[in-house]
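Okay, here's what each chain looks like letter by letter:
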Amino acid sequence: MNIGLIGFGSMGRTHAYALSNQKFFYRPPLPDAKIVGVCTAHAETAEEAARLCGAPLAVTEEERLIGDPNVDIIDICTPNACHFETAKKALAAGKAVYCEKPLAVSFAEAEKLAALAEEKGAVARVVFNNRFLPAVRRAKALLDEGRLGRILTFRFAYLHASAADPKKPAGWKQTKEAGGGVLRDLGSHVIDLAVYLLGSFSEVAGRAQIGFPIRAGKDGETWRTDAEEACYLTAALKNGAVGTVEANKLATGCNDDLEFSVYGTEGALRFHLMEPNFLFFYDGKREGGDLGGEKGFTAVECVGRTPAPGGIFPGVKAPVGWLRGHIGSMHAFLDAVAGGEEPGPDFREGAYVQLVTEKALRSAENGGRAETVPDYPTGK
Ligand SMILES: NC(=O)c1ccc[n+]([C@@H]2O[C@H](COP(=O)([O-])OP(=O)(O)OC[C@H]3O[C@@H](n4cnc5c(N)ncnc54)[C@H](O)[C@@H]3O)[C@@H](O)[C@H]2O)c1
């Protein structure tokens, strides 16, 4: 499996890391997958990236990788606004595609990509890496087994502090036109997790906030931020549950604070990415009594207990971190390319996240008036 990697900022580096670690984390290993070419916006960065990845080819025109018959997979790690054209060309050229989130900038674009992937019969996945953490997978299993009963309410939030500093220079993530905004960025992860764990949305209402409309750009010029830096949603799901989804970069003191809580008639769950080794589970069936009996949230030690073929390294009791999600996400994609059946978010699921995002942003533009989220065939 020969990979053309497009974009080598923080995520290109992460994907290269996840790829090069596959053989240690999984037994039996998948057929060899290697990066054969890297494309970035500048020749020097492309050459440095190719050297790091051990790839023979460093280019600045993505067509050279997409048009290369030796390349089987296109891995997209560029800014959001580039995803659509690159994925479209790659699918048309018969490649499998692994695309960073969000799948595109608009639902219309994402929907076109989902349809094209199906027409081509291509393996096409979006990188929603948090799905692959053992604690998140355990949450999914408990929910699927019905251990929480009927879901009443939920809270999903992804908080960073990165825009809370007015001196932080602006970049593409602060511009609507480039597909920026915190809802597409952090929000796509938590919308995906809500759908993955609880099912489709029926209604969403949003309020957006820009903390600092004027910033300095990277080269010192004045930059007018037009993409939201925080976004607060209330949402109803098709299963009748009502709750909130928040994406926020104005959260002073936060690092990578992705958290969710789900409350049902028979139990509850809590997860926090800064404490990724544990899932907190409240089993309503456990008896209370003197001194509390056995009632209360239990810390389930998910740690590195990934089912086969994972879990062999660095050992089931070893703590996991953010990168483990990327290693798992990459494995599921490569497994599918190799003809396996390991599930992962396909382009249709990526398009659905885009649909919810778009409805929420439209609501925020209209003073928070609730928007209906139409049915969409994601299999949920
Ligand atoms: N899943 C996750 O955990 C996660 C985390 C952060 C970012 N992301 C996503 O990853 C993507 C990339 O984010 P990043 O933070 O790595 O960005 P970045 O700005 O750090 O890097 C972007 C890279 O793309 C290259 N590039 C830009 N325009 C290009 C073009 N036209 N042709 C070829 N190369 C081009 C740049 O040279 C650079 O190498 C974004 O879509 C973002 O939303 C995902």
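For clarity, every value in this text was computed on a predicted model and none was experimentally measured.

(A) Focus on a nonpolar patch on the surface. A contiguous nonpolar patch, built from Tyr-17, Trp-322 and Leu-323 and spanning about 250 Å² of accessible area, is present on the exposed surface. In this structure Leu-323 comes out as partly exposed when scored by relative accessible area, which is 32%.

(B) Molecular detail of helix H5 (residues 80-92). By the burial criterion, the buried members of H5 are Asn-80, His-83, Phe-84, Thr-86, Ala-87, Ala-90 and Leu-91. Of the residues trailing H5, Gly-94 is marked for its positive phi of about 85°.

(C) Summary view of the layout of surface pockets. Taken as a whole, the largest pocket holds about 1,000 Å³ of empty space. In terms of lining, the largest pocket is formed by 41 residues, of which the most central are Gly-9, Ser-10, Met-11, Trp-172 and Lys-173. The set of elements that each furnish at least two residues to the lining of the largest pocket consists of helix H1 (10-20), H5, helix H8 (182-198) and helix H9 (322-337). Per-class residue counts for the lining of the largest pocket are 14 nonpolar, 18 polar and nine charged. Viewed by domain, the lining of the largest pocket spans two of them, domain 1 (2-129) and domain 2 (131-321 + 346-365), each represented by three or more residues.

(D) Broad picture of the site of the ligand. Surveying the vicinity of the ligand reveals 23 residues, the closest of which are Phe-8, Met-11, Asn-80, Lys-101 and Asn-129. Between the ligand and the protein, one listed contact pairs an oxygen atom with a backbone N or O atom of Gly-9 at 3.3 Å. Between the ligand and Lys-101 there is a distance of 2.9 Å, counted from an oxygen atom to a backbone nitrogen or oxygen. Taking 860 Å² as the accessible area of the ligand by itself, protein coverage stands at 78%. Its atoms largely coinciding with the cavity grid, the ligand occupies the largest pocket. Elements with a minimum of two residues in the shell around the ligand: H1, H5 and H9.

Definitions and cut-offs
- Residues numbered from 1 in each chain as written.
- Predicted model: local features only at pLDDT ≥ 70, side-chain atom pairs only at ≥ 80, totals over all residues.
- Heavy atoms only, no water.
- Patch = residues over 30% accessible without salt bridge, like charges linked within 9 Å, V, L, I, M, F, W, Y side chains within 5 Å.
- Areas by Shrake-Rupley, 256 points an atom, 1.4 Å probe, with all protein chains shown as cover.
- Salt bridge = Lys/Arg side-chain N within 4 Å of Asp/Glu carboxyl O.
- Buried < 20%, exposed > 50% of the residue type's maximum accessible area, 1.4 Å probe, protein only.
- Helix = DSSP H or I, 4+ residues; strand = E, 2+ residues; numbered from the N terminus.
- 1 Å grid on protein atoms, 1.4 Å probe; cavity = no way out; pocket = protein on both sides within 12 Å on 5 of 7 lines; lining within 4 Å.
- Points joined across faces, edges and corners; volume = space filled by probe spheres on them.
- Nonpolar A, V, L, I, M, F, W, Y, C, P; charged D, E, K, R; others polar.
- Domains from an automatic or database assignment.
- Near = heavy atom within 4 Å.
- Polar contact = N/O pair within 3.5 Å; in protein donor to acceptor, adjacent residues only side chain to side chain.
- Sits in = over half its atoms within 2 Å of the grid points.

Purely spatial values, then, with no claim about function.
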